[in-house]
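Analysis of the macromolecular model
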Amino acid sequence: MPSSNPSPSHIASLVIKTLINRGVRHFFIAPGNRSTPLVEAILQEPLAQTTVCCDERSLSFMALGFSKATREVPALILTSGSALGNTMPAVMEAFHEKVGLLILSADRPFELQNVGANQTTHQHHFFAPFAKKSLSLPTFTHETPLASITTALDQLISTNQNFVSHLNLHFQNPFFRGDERLDIPKELTTYESKKQIDHELLANLFEKALSFEQGLILVGQTELDLDIHPL
């Protein structure tokens, strides 16, 4: 018995290989962190064709148009949270026009769901009643027979289907090849929130960045105290 649970990359690879073997060739990919294992697995498949768009609504209609034009079933790759909601108009249209569409959404494990952030939203049976088939696979452990993935996919999709199906996959951290964890930075510099960055601070930040061969700059938004005057 293995000493550790199957990695996200291992599970994702098995899923994508199974879809390729079932005849799925085109993958419409929306960028996102939680779906990283699926994207990595797709890039390892020579037969896989990809279309990438940062807007899920646009991407889902691209997939819908592809399915209408080719009569092939494309796979739509989504990260967790609000990404699913952005595809709903295309899913509804696919349902009413009887167009084949397979949706693969990445999800958080059960213990990280509904914890306050919008990316932890409920995803199980998210597209009901528009998805004829819907399946949510829990986080896999070393006791889970991996053959159950292929069995589940066989029940979920056929290459000549004319309906929407949805597979929701729960992934644990980490999401990178080999499941190596990122090194904790040896030095971390933070700057207090300001409405405007002066030249001295910008020069200091630039000089700081040049002292490292590799690094990461995070720029985020905080709540600002704004004076609002009614017109």
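In this report, we go over the structure that sits alongside the text. (Residues numbered from 1 in each chain as written. Predicted model: local features only at pLDDT ≥ 70, side-chain atom pairs only at ≥ 80, totals over all residues. Heavy atoms only, no water.)

Counting its secondary structure elements, the protein chain contains seven helices and six strands. Listing each helix as α and each strand as β along the protein chain from the N terminus yields α-β-α-β-α-β-α-α-β-β-α-β-α. Put simply, the protein chain has 231 residues, and 38% of those count as buried. Residue pairs at least 24 apart in sequence account for 76% of intrachain contacts in the protein chain once pairs closer than 6 positions are excluded. Accessible area of the protein chain: about 14,400 Å², with a carbon and sulfur share of 55%. (Helix = DSSP H or I, 4+ residues; strand = E, 2+ residues; numbered from the N terminus. Buried < 20%, exposed > 50% of the residue type's maximum accessible area, 1.4 Å probe, protein only. Contact = heavy atoms within 4.5 Å. Areas by Shrake-Rupley, 256 points an atom, 1.4 Å probe, with all protein chains shown as cover.)

Contact pair helix α1 (residues 8-21) / helix α6 (residues 147-156): the axes reach a minimum separation of 10 Å and the direction vectors enclose 40 degrees. Here α6 runs oblique to α1, going by the angle between their axes. Crossing of α1 against α6: the hand is right-handed. Of the residues in α6, those touching α1 at Ile11, Leu14, Val15, Thr18 and Leu19 are Ile149, Thr150 and Leu153. (Axes fitted to C-alpha atoms, helices over the stretch in contact; angles between N-to-C directions. Parallel < 35°, antiparallel > 145°, perpendicular 65-115°, else oblique. Left-handed = near helix turned anticlockwise from the far one by under 90°.)

The next point concerns the nonpolar core. In globular proteins that are soluble, nonpolar side chains generally tend to be buried together. Core analysis: the biggest nonpolar cluster contains 29 residues, and Val15, Ile16, Leu19, Phe27 and Leu104 have the highest contact counts within it. Going through the elements one at a time, α1, β1 (26-29), α2 (36-43), β3 (75-78), β4 (101-107), α6 and β6 (164-170) are the ones with two or more residues in this core. The element that contributes the greatest number of residues to this core is α1, accounting for six residues. The residues touching phenylalanine 27, leaving out its near neighbours within four places in the chain, are Ile16, Leu19, Ile20, Ile42, Ala48, Gln49, Thr50, Thr51, Ala75 and Ile77. Counting 20 residues, the second largest nonpolar core, distinct from the first, contains Cys53, Ala63, Leu101 and Val164. (Core = buried A, V, L, I, M, F, W, Y, C linked by side-chain atoms within 4.5 Å.)

What follows is about the side chain of serine 35. Looking at where serine 35 falls in the secondary structure, it is placed in the loop between β1 and α2. When residues no more than four places from it in sequence are discounted, the contact partners of serine 35 are Ala30, Ile77, Leu78, Thr79 and Ala106.

Once that is clear, we can look at the packing of α1 against α2. Packing of α1 against α2 leaves a shortest axis separation of 8 Å and a crossing angle of 55 degrees. When the axis of α1 is compared with that of α2, the two are oblique. Note that α1 runs across α2; the crossing there is right-handed. Within the contact between the two elements, α1 uses Pro8, Ser9, Ala12, Ser13 and Ile16 and α2 uses Pro37, Leu38, Ala41 and Ile42. Grouping the amino acids of the contact of α1 with α2 by side-chain chemistry returns seven nonpolar, two polar and no charged. (Nonpolar A, V, L, I, M, F, W, Y, C, P; charged D, E, K, R; others polar.)

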